[in-house]
Amino acid sequence: MSTGSRSAPVTVASSPQFFDSAHTRRIMWTVSAVLTPAAAWGVYVFGIHAFFVLFASIIAAVIGEGVMARILNRRTLRDGSAVLTGLMVGMTMPPAVPVYIPVVASLFAIIVVKWTFGGLGSNWMNPALAGRVFVYFSWTPAMTGWTMPSTLPQADAVSGASMLGLIKQGLSGTGGHVGSPLRFLRDAGFPVSTTDTAVTDWLNQHVLHALGFSIPGGYVDPFLGNIPGSIGEVSAALLLLGTVVLLARRIITWEIPASYFLSFALLTWVFGGARYGTGLFGGDILFQLFTGGFILGAFYMATDTVTTPLTSAGMLIYGGGAGILTFLIRFYGAVPEGVALAIILMNVFTPLINRYTRPGRYGLSEGRR
Amino acid sequence: MTIARTFPRGGIHPEEHKEVTRKRHIWNAAIPSHCIVPLLQHAGAPAEATVKRGDRVREGMLIGRATGSISAHVHSPIPGVVTELRDLFLPSGVRSTAVVIRLEGEFDRLGKAPQRHEWAKLSRRELLGLIQEHGVVGMGGASFPTHLKYRLPRGRECTHLILNGCESEPYLSGEHRLMVEHPEEIVEGLQIAAAILRPDHVAVGIENNKPDAIAAVQRLVKERGLDVRVYPLKVKYPQGDEKQLVRAVMGEEIPSGGSPIDVGAVVSNVSTVMALFEAVCLRKPVIERVVTVSGDAVANPANLKVRIGTTIGELIQECGGLVKEAERIVCGGPMMGATITDLSTPVTKDTSAVLALTAAEVHAGEETPCIQCGRCVRSCPMGLEPTLLYKLIDHREYAASVENGLADCVECGCCSYSCPARIPLVEGMRSGKQVARTEGLLP
């Protein structure tokens, strides 16, 4: 190329002339990509039906998006948001759920929750979680029947239950004296994998011994994903790995996960034990973090930009509120997990939070207006 | 060790792209065979041509006289003959008449040893007169005539004179090089400014990514025992915006709708102070300036000392031409500069850079719906909510947008830069302000 011919580029653009590499499309596809290992893990431990569930969820979401975009004469499939919503719906499904349920959840998420308010960016509630909650209350038995992962020894006594579900039942069975969640599960006949035992022993001998304490068996299984649960929520390890990418690429910011974690962990530590009959300041934080979809919720669902506040302060309040609600629902409510409900409840507060956390303007001494 | 300061709200850290040119010495660009000199190179009214077609001009001769209350003189960058007076569009989109001069005859300054003039005995009035006479304007972008800026409004006093050495726009390194290569001239220019303004404090703000410039200025200040404080600043765009620089250095905010003098500050950037030095000590009008030519499409990025009126095409050619497909040719920095499509557009007093950017550098992208991510809100140094303002303007709610601070927008570009939906937020603000002005909602 030469400038001799006076041929200049034809781009006429208003400033700025360059942009951050983050783009809506790239954000959506990156989140989908980093969720994939955790979803694949679900297929690995729960079997091929889990794959059909994920597949059906995504296809239904894409079809829903395509139809709505067509009707409204918009082109939106390439932004990747429909695939992400479908994937998220699939990941929050029990592995053995009949395939029509995730299909309904995805269609509800896309058509009712997202498009009746105007499509991407206009919905006020997280579509994937709203879809999940919708089918949860519509087909509760199917949505609460769990599958043991293939990596755990089979145990008939606890088949069909989730860890938190068993504990919730135990609360009424024991008159509120569950005790330590891990011990309660062991006593109920909940199995532990050989990996868990091996890793726990190794950690105790080589790392924690030097620090002067040890951990009981049972934490490694929920961390790695050897527990019954929704397809994509069980592997805390793979989900956390993905969040490293999201944080490093500044696709999510730290505020919501941090305040969500802090408020939930603090309440669990202070009051969680009290609820289980072991007194104040004795809640099992680690167990609660690795179960019930907390990681998936705090890092992937509660950080959905569309339905969360705009400013740092707003995000901190939002995350803190989600933590409180998750604690209340999980420990005192009828539902064992509480993450999905807490997040969509906080979605409702987002406009209110935005209103009270507007940034302070430069050069206005006596506050706003 | 002093802790580096910065402004508290918003701001961004775009890729700097300064490493390409930051170590390159300023070299003199070739003298062009023709200079195209617009008569509007400053805020206010265009200068009035004092020459006509066929006239002979000398290097540095007055060719445009300031008219009206806000205006500045324009001088001939080269000796020669006026071939025509031509209308053209400046990068900003404004129309201006330009004097076209064909190089001919002898230079009065080029190649000759400059004669130094003493200034210590000159009065404020005389100094301001020299600045006015030699057409000095703010060379950071706003192009406000310096003699008017330094003639403080009645009853106002300058407490802080701040030399703006931030150069926070990506790619740019001309002012960095000026501070490294010509600290004496810049410090002396600053002393002249101080003699006019008589401030209580003289400060220099330089971002931490220019340690050699900080060291050069600091050394000189120490050697000469001057009462000048150098502030190293944390790197953050748009620190070079005077509102943010005043906040960073003084810890004070300029009231909404006001200017730096409202808090006692006068801010001038490095090129301006250099021009001021040349005007007073060398009696040299603004006929050249330092321009960074960069961008991935340019063969040999460089810092050039360029005669005003040189075309952008010639500058790019001088740097080896374009070696890659340039998606945008930008006049100025990438955050606030304007694209040009006509390579015969001339360099003016406010042209800090010429950038030829490839698609891979620009990261343009399809516009998508707003995903409410809040990046624009968190990046706004003025504490505005660009997404809200954009929606209000889009819905023709101009009064509401003004209520929400539209007039405070400095168009720094942080919001648009950060927006993953590629919504043209700054463009929206600009058009919103225009309409608000015509509707009498803004002055």
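Bear in mind the structure is a predicted one, so any value in this text is a computation, not a measurement.

S.K.: Could you clarify how one ought to interpret the overall build of chain B in this entry?
M.R.: Counting secondary structure elements, chain B contains 14 helices and 17 strands. Rg of the C-alpha trace for chain B: 21 Å, near the compact-globule value of 22 Å for 443 residues, within the 12% margin. If one aligns the C-alpha atoms of chain B with their principal axes, the spans along those axes are about 60 × 50 × 45 Å. Scored against the burial criterion, the 443 residues of chain B give a buried share of 57%. Considering only residue pairs separated by 6 or more positions, chain B has 73% of its internal contacts joining residues 24 or more positions apart.

S.K.: Could you clarify how one ought to interpret the overall build of chain A in this entry?
M.R.: Secondary structure summary: chain A contains 16 helices and zero strands in total. A compact globule built from 369 residues should have a C-alpha radius of gyration of about 21 Å, and chain A, at 23 Å, falls within 12% of that. Principal axes of the C-alpha set define a box for chain A whose edges measure 80 × 55 × 45 Å. Within chain A, the proportion of its 369 residues that are buried is 54%. The contacts in chain A between residues at least 6 apart in sequence include a share of 72% that link residues at least 24 apart.

S.K.: When you look at the domain arrangement of chain A in this model, what are you seeing that I'm missing?
M.R.: As a measure of interface size, the accessible area lost when the parts come together is often cited. Residue and element names in this part refer to chain A. Assigned domains of chain A: these are domain 1 (24-143) and domain 2 (164-355). Computed over C-alpha atoms, the centres of domain 1 and domain 2 are 23 Å apart. Taken together, the contact between domain 1 and domain 2 spans 31 residues of the former and 27 residues of the latter. Elements with a contribution of two residues or more to the side of domain 1 that touches domain 2: helix 1 (24-46), helix 2 (48-71), helix 3 (81-91) and helix 5 (127-138). For the side of domain 1 that touches domain 2, the element with the highest residue contribution is helix 1, accounting for 12 residues.

S.K.: Help me understand the environment of glycine 165 of chain A in this model?
M.R.: All names here are of chain A. Residue position: glycine 165 is located in helix 7 (residues 163-173). Classification of glycine 165 as buried rests on a count of 20 C-beta atoms within 10 Å. Along the sequence, glycine 165 and threonine 144 sit 21 residues apart, while their C-alpha atoms lie 8.6 Å from each other. With sequence-adjacent residues up to four places away left out, glycine 165 is seen in contact with Thr144 and Pro336.

S.K.: Explanation requested: the packing of helix 11 (residues 386-394) of chain B against helix 14 (residues 425-438) of chain B in the structure shown.
M.R.: When two helices pack together, their arrangement is given by the angle between their axes and by how far apart the axes lie. Residue and element names in this part refer to chain B. Taken N-terminus to C-terminus, the directions of helix 11 and helix 14 make an angle of 50 degrees; their axes are 9 Å apart at the nearest point. On the basis of their axis angle, the class for helix 11 and helix 14 is oblique. In this structure, helix 11 meets helix 14 at a crossing whose hand is left-handed. Contact with helix 11, carried on its side by Pro386, Leu389, Tyr390, Ile393 and Asp394, involves Leu425, Gly428, Met429 and Gly432 of helix 14 and no other residues of that element.

S.K.: Even after reading the chapter, I still don't get the sheet that holds strand 4 (residues 56-57) of chain B, so can you show me in this structure?
M.R.: All names here are of chain B. Read from one edge of the open sheet, four strands run 2-8-7-4, paired in antiparallel fashion. Single-partner strands in this sheet number two, and they are strand 2 (34-38) and strand 4. Of the pairings in the sheet, the one linking strand 2 to strand 8 (residues 95-103) comprises five bridges and is antiparallel in character. Looking at the pairing, cysteine 35 lines up with isoleucine 101 of strand 8.

S.K.: Please clarify how helix 11 of chain B should be interpreted in this entry.
M.R.: All names here are of chain B. When helix 11 is considered as a whole, its buried residues turn out to be Pro386, Thr387, Leu389, Tyr390, Leu392 and Ile393. In this structure, the buried side of helix 11 is in contact with helix 10 (375-379), helix 12 (398-403), helix 13 (414-418) and helix 14. After helix 11 finishes, the residue arginine 396 shows a positive phi value of roughly 60 degrees.

S.K.: What should I look at first to understand the interface of chain A and chain B in this one?
M.R.: Opposite the 39 residues of chain A that make contact, chain B presents 61 residues. With three residues, the single largest contributor to the side of chain A that touches chain B is helix 1 of chain A.

S.K.: Please clarify how the pairing of strand 14 (residues 302-307) of chain B should be interpreted in this entry.
M.R.: All names here are of chain B. The buried fraction of strand 14 is high, at five of six residues. Bridge analysis of strand 1 (residues 26-28) against strand 14 gives three bridges, and the strand direction is parallel. Within strand 14, the position partnered with asparagine 28 by the bridge is lysine 305. For strand 13 (residues 288-294) and strand 14, the ladder comprises six bridges, and the chain directions are antiparallel.

S.K.: Help me understand the domain arrangement of chain B, please; the structure alone is not making it clear to me.
M.R.: All names here are of chain B. When cut into domains, chain B gives domain 1 (26-112 + 285-361), domain 2 (124-281) and domain 3 (375-438). Domain 2 and domain 3 are separated by 29 Å when their C-alpha centres are compared. Taken together, the contact between domain 2 and domain 3 spans seven residues of the former and six residues of the latter. When its residues are assigned to classes, the side of domain 2 that touches domain 3 shows two nonpolar, three polar and two charged.

S.K.: How do you make sense of the environment of threonine 326 of chain A when you look at a structure like this?
M.R.: Residues and elements named next belong to chain A. Inspection of the secondary structure puts threonine 326 in helix 15 (residues 312-332). Threonine 326 sits in the buried class, given 32 other C-beta atoms within 10 Å. Counting along the chain gives 59 residues from threonine 326 to leucine 267, while the straight-line C-alpha distance between them is 9.9 Å. Discounting chain neighbours no more than four positions away, the residues touching threonine 326 are Phe264, Gly338, Val339 and Ala342.

S.K.: Looking at this model, I keep getting lost on the sheet that holds strand 12 (residues 265-269) of chain B. Mind explaining?
M.R.: The pairing of strands in a sheet happens through backbone hydrogen bonds and is either parallel or antiparallel. All names here are of chain B. Strand order across the open sheet formed by four strands is 11-10-9-12, with parallel pairing between neighbours. Of all strands in the sheet, those bounded by a partner on one side alone are strand 11 (228-233) and strand 12. The average undirected angle you get between the axes of adjacent strands in this sheet is 25 degrees. Pairing of strand 10 (residues 201-207) with strand 11 involves six bridges; the strand directions are parallel. Residue pairing in the sheet places valine 202 in a bridge with valine 228 of strand 11. Most of the contacts of helix 4 (residues 183-197) go to strand 9 (residues 160-165), to which it runs at about 155 degrees, and overall it touches strand 9, strand 10, strand 11 and strand 12. In the packing of helix 6 (residues 242-250) onto the sheet, contacts are made with strand 9, strand 10, strand 11 and strand 12, and the angle to strand 9 comes to roughly 115 degrees.

S.K.: I'm lost on the confidence of the model for chain A in this one. Help?
M.R.: Low pLDDT means the predicted atomic positions in that stretch should not be read closely. In the predicted model, chain A carries a mean pLDDT of 92, and the fraction of residues at 70 or more is 96%. The low-confidence segment residues 1-6 of chain A, where pLDDT is below 50, has 12 contacts with residues more than four positions distant or belonging to other chains.

S.K.: When you look at the packing of helix 5 of chain A against helix 16 (residues 339-356) of chain A in this model, what are you seeing that I'm missing?
M.R.: Residue and element names in this part refer to chain A. Two elements in contact, helix 5 and helix 16, have axes separated by 10 Å at closest approach and are oriented at 125 degrees. Put simply, helix 5 runs oblique to helix 16. For the pair helix 5 and helix 16, the sense of crossing is left-handed. From helix 5, Leu129, Ala130, Arg132 and Val133 reach across to helix 16, where they touch Ala340, Leu341, Ile343 and Ile344. Of the residues in the contact of helix 5 with helix 16, the class split is seven nonpolar, no polar and one charged.

S.K.: Quick question: what am I supposed to make of the nonpolar core here?
M.R.: Nonpolar side chains in soluble globular proteins generally cluster together in the buried interior. Judged by nonpolar contacts, the single largest core of 138 residues is most densely connected at Leu276 and Leu315 of chain B. The element best represented in this core is helix 7 (residues 270-281) of chain B, accounting for eight residues. Residues within four places of leucine 315 of chain B in sequence aside, it is in contact with Ala29, Val291, Val293, Leu304, Val306, Thr310, Val347 and Val354 of chain B. Core analysis: the second largest hydrophobic core is formed by 102 residues, Met28, Met143, Leu166 and Phe223 of chain A among them.

S.K.: What am I meant to see in the environment of valine 12 of chain A here?
M.R.: Of note, valine 12 of chain A is situated in the segment before helix 1. Exposure remark for valine 12 of chain A: the 11 C-beta atoms within 10 Å place this residue in the exposed category. Valine 12 of chain A has contacts with Thr339 and Thr341 of chain B, leaving out every residue within four places of it along the chain.

S.K.: Is there a simple way to think about helix 4 (residues 100-114) of chain A in this case?
M.R.: For an α-helix the count is 3.6 residues per turn, leaving residues at separations of three or four pointing the same way. Residue and element names in this part refer to chain A. Taking 1.5 Å as the rise per residue, helix 4 with 15 residues should run 21 Å; its terminal C-alpha atoms sit 20 Å apart, in good agreement. The largest bend along helix 4 measures about 30 degrees and falls at phenylalanine 108. If you check which residues of helix 4 are buried, you get Ile101, Pro102, Val103, Ala105, Ser106, Leu107, Phe108, Ala109, Ile110, Val113 and Lys114. Next to the buried residues of helix 4 lie helix 2, helix 3, helix 5 and helix 6 (140-143).

About the cut-offs
Residues numbered from 1 in each chain as written. Chains lettered and ligands numbered in written order. Predicted model: local features only at pLDDT ≥ 70, side-chain atom pairs only at ≥ 80, totals over all residues. Helix = DSSP H or I, 4+ residues; strand = E, 2+ residues; numbered from the N terminus. Rg over C-alpha atoms; globule rule 2.2 N^0.38 Å. Buried ≥ 20, exposed ≤ 12 C-beta atoms within 10 Å, placed from the backbone. Contact = placed C-beta atoms within 7 Å. Domains from an automatic or database assignment. Axes fitted to C-alpha atoms, helices over the stretch in contact; angles between N-to-C directions. Parallel < 35°, antiparallel > 145°, perpendicular 65-115°, else oblique. Left-handed = near helix turned anticlockwise from the far one by under 90°. Pairing = 2+ DSSP bridges. Nonpolar A, V, L, I, M, F, W, Y, C, P; charged D, E, K, R; others polar. pLDDT = per-residue confidence, 0-100. Core = buried A, V, L, I, M, F, W, Y, C linked by C-beta atoms within 7 Å. Expected span 1.5 Å × (residues − 1). Bend = angle between axes of the 7 residues up to and from the residue.

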